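# Residue-level structure breakdown
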Amino acid sequence: MQVFKSISRASALLFLILVMPAAALAFDGKVTRIIDGDTVEVLTNSKQPVRVRLADIDAPEKGQPFGEKSRQYLAALIFGKVVSVEEKSRDRYGRTLGVISLSSRETVNRQMVAAGYAWAYRYRGKATDTEMLAVEAAARGQGVGLWNEGSHAIEPWKWRRQK
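Every chain is numbered on its own, with residues counted from 1 as its sequence reads. The predicted nature of this model means local features are confined to residues of pLDDT at least 70 and side-chain atom pairs, given and counted, to a pLDDT of 80 or more, with totals for whole chains, interfaces and linings taken over all residues. With hydrogens and water excluded, all non-hydrogen atoms of the structure serve as input to the side-chain values.

## A look at the pattern of salt bridges
Any carboxyl oxygen of Asp or Glu within 4 Å of a side-chain nitrogen of Lys or Arg constitutes a salt bridge here. Evaluated as defined, the whole model comprises twelve salt bridges. Among the salt bridges present, the one from R51 reaches E41, with a minimum N-O distance of 3.8 Å. A residue pair is termed long-range when its members are at least 10 positions apart, and R51 in strand β3 (residues 49-54) and E41 in strand β2 (residues 39-44) qualify at ten residues. The salt bridge involving R95 is made with D91; its shortest N-O contact spans 2.5 Å. Within the structure, one salt-bridge network assembled from shared partners comprises D38, R53 and D58. Numbering of helices and strands runs from the N terminus, with a helix taken as a DSSP run of H or I at least four residues long and a strand as a DSSP run of E at least two residues long.

## What about the confidence of the model for the protein chain?
Looking at any residue, its pLDDT shows the predictor's confidence there, from 0 to 100. Considering every residue of the protein chain, the mean pLDDT works out to 85; 80% of them sit at 70 or more. A low-confidence stretch, residues 13-24 (pLDDT under 50), is modelled with one contact involving residues beyond four sequence positions or located in other chains. Only heavy atoms enter the contact rule, under which two residues are in contact if any of them lie within 4.5 Å.

Listed below in structure tokens is the structure:
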């Protein structure tokens, strides 16, 4: 009987260890600020502000051609709305790298790329999400958003290096 109790406790502890981190990686909150086309501030239900960088996308920077249009499009999608954030990780600045969604529709991250207001994120030339690359290719093919500017659009990671 004592062995059974020990196994039950160990199983419960293992369950908590596996489930608790996953539960801590998602939260809901109201979007209170749009910083640029891929960074927002979300006020959690517990009234904690969290800066969220949309994972797997890279939007034009402030001051970069199309940067303000990208920010405005993101604001039209989610400013003042309650969203769900799934945290994937943290970046070197301590921001949450997250996937944002409204209800059960497609993710805001994907919508930004599909509408041509962001690129699929690349790190050292390699995409972090291959599905997002396909979404970007479709947006390019349709000539939407920044892609209607032709091939003059400069990728944010290249633009940052030029500054």
